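Residue-level listing of the chains:
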Amino acid sequence: MPYTEKYVTVAGTGTWGENSISNPSSLEEAAASGVPAERVHIKSGTYSLAAGLQFAGGVDADPIVWMGYNSTTGDLQSVGRASATSALDITNCPVIDAGTDYAISGGSHGNYINLRFTCAGDIPSYRPGTN
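All figures in this text were calculated on a predicted structure; none of them were measured in a lab.

*Asks:* What is the right way to look at the side chain of S25 in this model?
*Replies:* Structurally, S25 can be placed in the loop between β1 (4–8) and α1 (27–33). What makes S25 buried here is its relative accessible area of 0%. A distance of 2.9 Å separates a polar atom in the side chain of S25 from the backbone oxygen of G14. Side-chain polar atoms of S25 contact the side chain of N19, separated by 2.9 Å. Apart from the residues within four sequence positions on either side, S25 is in contact with Y7, V8, T9, G12, T13, G14, T15, W16 and N19.

*Asks:* What am I meant to see in the nonpolar core here?
*Replies:* Within soluble globular proteins, side chains that are nonpolar tend to cluster in buried spots. L27, F55, W66 and I96 are the most contacted members of the largest nonpolar core, which totals 21 residues. For this core, the secondary structure elements donating two or more residues are α1, β2 (38–43) and β5 (64–69). Ranked by residue count, the leading element in this core is α1, at three residues. The contacts of W66, once residues within four sequence positions are left out, are A30, A31, V40, I42, F55, A56, N111, Y112, I113 and L115.

What counts and how
- Residues numbered from 1 in each chain as written.
- Predicted model: local features only at pLDDT ≥ 70, side-chain atom pairs only at ≥ 80, totals over all residues.
- Heavy atoms only, no water.
- Helix = DSSP H or I, 4+ residues; strand = E, 2+ residues; numbered from the N terminus.
- Buried < 20%, exposed > 50% of the residue type's maximum accessible area, 1.4 Å probe, protein only.
- Polar contact = N/O pair within 3.5 Å; in protein donor to acceptor, adjacent residues only side chain to side chain.
- Contact = heavy atoms within 4.5 Å.
- Core = buried A, V, L, I, M, F, W, Y, C linked by side-chain atoms within 4.5 Å.

The structure is reproduced here in structure tokens:
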């Protein structure tokens, strides 16, 4: 499935319609504006939220993919577990921090890859082979 590529950084201020790797948006803008069949690349850093966050959802045939990266898109794809029982390597994954006062919830049909969530509420997760 072809995706529309979108970009997010901690300092992003671009609008969703004009979004590009050189004009990234904020996480809040992305969560509110994402549409089916988008792949949203979220650059490493700590995203400290000042309110709860509801990620936009996709549809069954066209999920939204929320994907962390360190310096170039896709560079965290090779990290994971050394074995089936070892800890997950979260080095350089973006941290989305809602503290203890806010909740983060995932939209339906969203895939969350190479992201770390810290919050008081529902944490979306990525399970291979599911939306």
